[in-house]
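Residues per chain, in single letters:
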Amino acid sequence: MFCRFSNFLQDRNRFTLILVGILICIALATNVSLAQRRAAPDDQEPALSEFKGVRIGMKTDEARKKLGNPTDKGAEQDFYVFNDTQAVQIFYDKAGAVTAISIDFMSGEKVIPSAKEVLGSEADTKPDGGVYKMVRYPKAGYWLSYSRTAGNSPTTTITMQKIEH
């Protein structure tokens, strides 16, 4: 009984840390100056258009078929954990379509894409060693951001979100 409770607390703490990290990244993304929000040329296609087959605009049931059973399932968002090194949130609108995908790669993940692989160009390095860049793809209908925290155990977050008009 105690073991299950201990595991529950560990999972709850891990979920809380990931959620706080995501909220910080979202706050940073919304506070980035317009100069840092780069729009891709109209003819440029994003280098990243899906995660494990899930795309912006895909219906909820299709996304769940691609990713499997979520760790935490909801009408507006699903939360997945893969190999304890990758946390993924899928956000849905009221019509049941994917509006955003946020992927966190924690320390221990062996294959973390670079900013160049995700955005097609290098990201800006902050004075503390962290990395951030956001690129809007109006033709594709979404923006991509790449963020990596500073420190010895960085978390890399890649976010795709539908552009609201």
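For clarity, every value in this text was computed on a predicted model and none was experimentally measured. (Residues numbered from 1 in each chain as written. Predicted model: local features only at pLDDT ≥ 70, side-chain atom pairs only at ≥ 80, totals over all residues. Heavy atoms only, no water.)

Novice: Would you mind showing me how to read the pattern of salt bridges here?
Specialist: Side chains bearing opposite charge may pair, as long as their charged atoms lie close to each other. Counted according to the given criterion, the structure contains three salt bridges. A salt bridge links Glu 50 to Arg 55; the shortest N-O distance between them is 3.4 Å. For Glu 50, a relative accessible area of 33% translates into the label partly exposed. In this structure, Glu 76 and Lys 94 form a salt bridge, with 3.8 Å as the shortest nitrogen-oxygen distance. Placement of Glu 76 in the loop between β2 (72-73) and β3 (77-82) and of Lys 94 in the loop between β4 (86-92) and β5 (98-105) is noted, with a sequence separation of 18 residues between them. The same class applies to Glu 76 and to Lys 94, which are both exposed. (Salt bridge = Lys/Arg side-chain N within 4 Å of Asp/Glu carboxyl O. Buried < 20%, exposed > 50% of the residue type's maximum accessible area, 1.4 Å probe, protein only. Helix = DSSP H or I, 4+ residues; strand = E, 2+ residues; numbered from the N terminus.)

Novice: Even after reading the chapter, I still don't get the pairing of strand β9 (residues 156-162), so can you show me in this structure?
Specialist: Two faces make up the sheet, and in a regular strand the side chains alternate between them. Within β9, five of the seven residues are buried, which leaves the element mostly enclosed by the surrounding structure. Sheet analysis places β5 next to β9, joined by six bridges and oriented antiparallel. Across the sheet, the residue bridging to Ile 103 is Ile 158, located in β9. Judged from the seven bridges that link them, strand β8 (residues 142-148) and β9 form a sheet pairing that is antiparallel. From the neighbouring strand, Trp 143 faces β9, where its bridge partner is Gln 161. (Pairing = 2+ DSSP bridges.)

Novice: Just to check I follow, could you spell out the packing of aromatic side chains for this structure?
Specialist: Given two aromatic rings, their pairing is described by the distance between the two centres and the angle made by the two planes. Here the structure, examined in full by the defined rule, presents three aromatic pairs. A centroid spacing of 6.4 Å and a plane angle of 50° characterise the contact between Phe 51 and Phe 82, whose relative ring orientation is tilted. Of this pair, Phe 51 sits in the loop between β1 (37-39) and α2 (60-67) while Phe 82 sits in strand β3, and the two are 31 residues apart along the sequence. Given a relative accessible area of 9%, Phe 51 falls into the buried group. You can call Phe 82 buried: its relative accessible area is 16%. Here Tyr 137 and Tyr 142 contribute two aromatic rings whose centre-to-centre distance is 6.5 Å and whose plane-to-plane angle is 45°, an arrangement assigned as tilted. Each member of the pair, Tyr 137 together with Tyr 142, is buried. (Phe/Tyr/Trp six-rings, centres within 6.5 Å; stacked < 30°, edge-to-face > 60°.)

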